[in-house]
Each structure stands twice: as structure tokens, then as C-alpha cells.
Amino acid sequence: MSPFFRKLSIFVQKYRAYFLVVSCGGVFVINVSYHVFPVKTYKALYQAYFKGQPAALSEKLQETFQSVLKDVDVKSPEKYSAFAAFGFHPVSAGIPWMPSGVLVGIPANFNCTTESSKGLTDHTVMVNGKELQWNSDTGKVLKDALTFSCKAQKFAVAREVLYLKDNSPVLHALVAPVCLASTCLSGLAFQQMLNIHSGPTVFRGLYNLAVAVVGICSYFLVCDTVGHWLDYKADRKAAVISKDYAKGGIEFYDKILLRNRIFRNLMGKNGEEMYSACGNLFPKHWFRLKHAPYTSRKEIILKMMKDQ
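Throughout what follows, the structure given in this document is the object of discussion. In this convention, every chain numbers its residues from 1, walking through the sequence in written order. Only residues with pLDDT of at least 70 get local features here, since the model is predicted, and only at 80 or more are side-chain atom pairs given and counted; chain-wide, interface and lining totals rely on the full set of residues. Excluding hydrogens and water, the side-chain values take into account all heavy atoms of the structure.

A word on the pairing of strand β4 (residues 91-94)
On a regular strand, each side chain points to the face opposite its neighbour's, so the side chains alternate between the two faces of the sheet. Only protein chains enter the calculation, and the probe is 1.4 Å; a residue is then buried if its accessible area is under 20% of its type maximum, exposed if over 50%, and partly exposed in between. Think of it this way: any DSSP run of H or I at least four residues long counts as a helix, any run of E at least two long counts as a strand, and we number them from the N terminus. By the alternation rule, side chains of β4 split into Val-91 and Ala-93 and Ser-92 and Gly-94, which are all buried. Here the rule is simple: two strands pair whenever DSSP picks up at least two bridges between them. Direction of pairing for β4 relative to strand β5 (residues 102-107): antiparallel, over a ladder of four bridges. Opposite Ala-93, over in β5, you have Leu-103 as the bridge partner.

As C-alpha cells, then:
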């Protein structure tokens with residue numbers, strides 16, 4: 001080992017506790033940063049535009065949002081604000097007790113009703129480079145899948161509000177530093193128990209590599225598990241507000257599954273790789289499933305209704 005790496009190793013060993021604390025703190029800050037400044041990060045990413053200008057949220061959706069805040073019993077409604085988001089699914093970011101508050105993005109298709117398709121048919125949807133014709137049979141079915149009742153809309157917005165109200169972003173961001181600290185401390189403990197530090201350099205390197213792999217795999221597993229738990233928790237809390245919210249939750253996930261099945265058929269091979277036959281999302285990586293399946297979310301709400 002060269003003198004430089006020897007000195008570096010001694011320095012790291014001497015101050016490893018400080019390095020660990022700083023590393024854990026840094027990982028936590030990175031993971032939670034876009035929730036601390038949601039206007040500059042999340043809103044800038046998901047803001048919907050119309051004719052080159054940021055789209056304004058309709059009065060109808062503003063009323064829906066305020067109604068949800070009352071139903072959820074938010075203590076500081078001034079900390080919660082909504083904006084017009086692109087896409088077909090509500091999004092959210094923020095931490096209620098931070099100065100920037102909370103942002104909930106509501107998509108334009110929530111303006112649609114069975115009587116009026118405004119907010120949907122005036123937008124162009126491209127699938128595999130081709131424009132979707134809303135008057136076609138497939139377009140009509142997709143339009144129905146993207147049109148939610150007031151109950152379903154309120155459930156969808158409520159689960160986003162409750163997710164943030166329970167500080168879920170902070171809990172999810174804590175997973176990485178906890179896994180990092182656990183991996184380092186457990187790896188060091190086993191190293192001392194097995195007296196590996198006095199062994200050959202190659203053996204120590206292989207041991208450290210094995211610890212790193214186990215730590216990364218553990219992080220992915222714990223991160224996805226916590227993500228699923230937080231998703232289910234938000235769904236349950238939204239569904240218990242009232243029977244109308246529970247019925248809205250079932251409709252919401254039913255239509256999401258229908259929408260995904262339609263996109264699966266329209267997109268051909270790409271759709272088969274992205275969506276399952278029942279409408280759930282396939283994970284982008286074989287070892288990760290970041291969000292709970294829509295079918296299981298729907299089943300949980302159905303079970304809750306039967307138990308009531």
C-alpha cells in the first residue's frame with residue numbers, strides 16, 4: 001500500500017464516527033431536499049402549461065381542494081396549496097411544518113365530468129408517436145377511465161394531503177441514513193468479532209465489498225417496504241373519512257387499472273413491459289417495487305368497507 005493510501009486509511013479510521021454522522025446527515029438532506037423547497041423543485045417539474053404559460057387551477061378544483069382540507073381536518077390550511085399539474089394523477093410534495101408548506105398538484109382531467117370533457121379532450125395525447133383520437137372507440141373508453149366522480153377526486157386529493165400531513169416524506173427519507181449507519185456499524189462489529197482487520201488486504205477488501213452489497217440490497221428492500229406501508233396508510237386514512245371517500249377510492253383505483261390496461265394495449269410491446277395484464281405497474285428494475293400495487297390498494301379499501 002502506498003504511503004498516501006496508508007495515511008488516508010489511518011485518517012478515516014481515526015475519524016470514522018464523524019464521517020458516518022456527516023454521511024448519514026448528507027444522505028438525509030439529499031433525500032428530503034425537494035420536499036423542503038417544493039415550489040422550486042416539485043412544482044417546477046410538474047407544473048402544467050397552456051400556450052406557453054403556467055396553467056391556473058380551475059375554481060372547481062380549488063373548491064374541491066378546500067373541501068378536502070376541511071374533511072381531513074387540517075389544522076393549518078394556509079400551509080397547503082394546490083396547483084395545476086400535468087399528467088393524469090395527483091402529485092404532492094412538502095412538509096407541513098416547514099416554511100414552504102405543502103403543494104398538491106391536481107391534473108386537468110379532474111375538471112372533466114360525464115357531461116363535459118373540458119380539460120381532457122382539449123389536450124393532445126400521443127401514444128407511440130401517434131395522436132389519440134378521442135372520438136374513436138379506444139378514445140371514448142380512455143376518456144371514461146380518465147373521468148372521475150367527485151367522490152373519486154376527493155379521495156385522490158385526500159390521500160396526497162394525508163400522506164404529507166403524516167410527515168411521510170421525512171419518514172421515507174430516514175430509511176437511507178438508518179440503513180447506512182446500520183450497515184457500517186454491523187459490518188464493523190462483525191469485522192472485529194471475526195478478527196478480519198488483521199487478515200490479508202484482499203480478504204478485507206472482499207469482506208467490505210460483501211458488506212456494501214448486503215447494505216445496498218437491504219436499503220432497496222427496506223425503502224420499498226416503507227414506501228408501501230406509507231401508501232397503504234394514506235389510503236386507509238382517506239377511506240375512513242366517510243363511506244363516500246371509500247367508494248371514491250375504489251372507483252379511483254378501478255379507473256387507474258382500466259387506464260393502464262388501455263395504455264398497455266395501445267403501446268404494444270412497450271405497454272406490455274410497463275403494465276401488467278391487470279393494470280399494475282411493472283417495476284423499472286427487477287429488484288425494486290417502489291409503490292404498492294393498485295390492485296392491493298383497492299382490495300384494502302374493499303376489505304375496510306366489508307368490515308364496517
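The discussion continues.
Digging into the sheet that holds β4
What the three strands build is an open sheet, ordered β3-β5-β4; its pairing is mixed. The open sheet terminates on both sides in strands that have one partner only, identified here as β3 (80-85) and β4. Strand-to-strand twist across the sheet, computed as the mean angle between neighbouring axes with direction ignored, equals 20°. What makes two residues a contact is simply this: any of their non-hydrogen atoms within 4.5 Å. In this analysis, axes come from line fits to C-alpha atoms, helices being fitted only over the stretch in contact, and the angle between any two N-to-C directions falls in the range 0 to 180 degrees. Against the sheet, helix α4 (residues 59-72) touches β3 and β5, its axis set at about 145° to β3.

Topic: the layout of surface pockets
The way it works is a 1 Å grid over only the protein atoms, where trapped points that fit a 1.4 Å probe form a cavity and open points with protein on both sides within 12 Å along at least five of seven lines form a pocket, and then any residue with an atom within 4 Å of a point lines it. Grid points are joined across faces, edges and corners, and a volume is the space filled by probe spheres set on the points. The space that makes up the largest pocket amounts to roughly 2000 Å³. Along the wall of the largest pocket there are 46 residues; nearest its centre are Tyr-46, Leu-281, Lys-290, His-291 and Tyr-294. Sort the elements by how many residues they give to the lining of the largest pocket and helix α8 (residues 201-239) lands first, with five residues. Here the residues of the lining of the largest pocket are counted per class, giving 25 nonpolar, 11 polar and 10 charged. Just so you know the grouping, Ala, Val, Leu, Ile, Met, Phe, Trp, Tyr, Cys and Pro go in nonpolar, Asp, Glu, Lys and Arg go in charged, and all remaining residues, Gly too, go in polar.

Observations concerning unusual backbone geometry
Although it is not a glycine, Asp-73 sits at a positive phi angle of roughly 65°. Structurally, Asp-73 can be placed in the loop between α4 and β3. Judged by its relative accessible area of 42%, Asp-73 is partly exposed. Unlike most non-glycine residues, Asn-167 shows phi in positive territory, near 60°. Mapped onto the secondary structure, Asn-167 falls in the loop between α6 (150-165) and α7 (168-193). For Asn-167, a relative accessible area of 25% puts it in the partly exposed group.

Some remarks on the pattern of salt bridges
Salt bridge, as used here, is a side-chain nitrogen of Lys or Arg placed within 4 Å of a carboxyl oxygen of Asp or Glu. The final tally for this structure, using the stated rule, is 12 salt bridges. Note that Asp-235 and Arg-297 form a salt bridge whose closest N and O atoms lie 4.0 Å from each other. With Asp-235 in helix α8 and Arg-297 in helix α11 (residues 294-307), this pair connects stretches of sequence that are 62 residues apart. Taking the relative accessible area as the measure of exposure, Asp-235 reaches 1% and is therefore buried. Arg-297 sits in the buried class, given a relative accessible area of 5%. A network of salt bridges, in which partner residues are shared, links Arg-159, Glu-160, Asp-231, Asp-235 and Arg-297.

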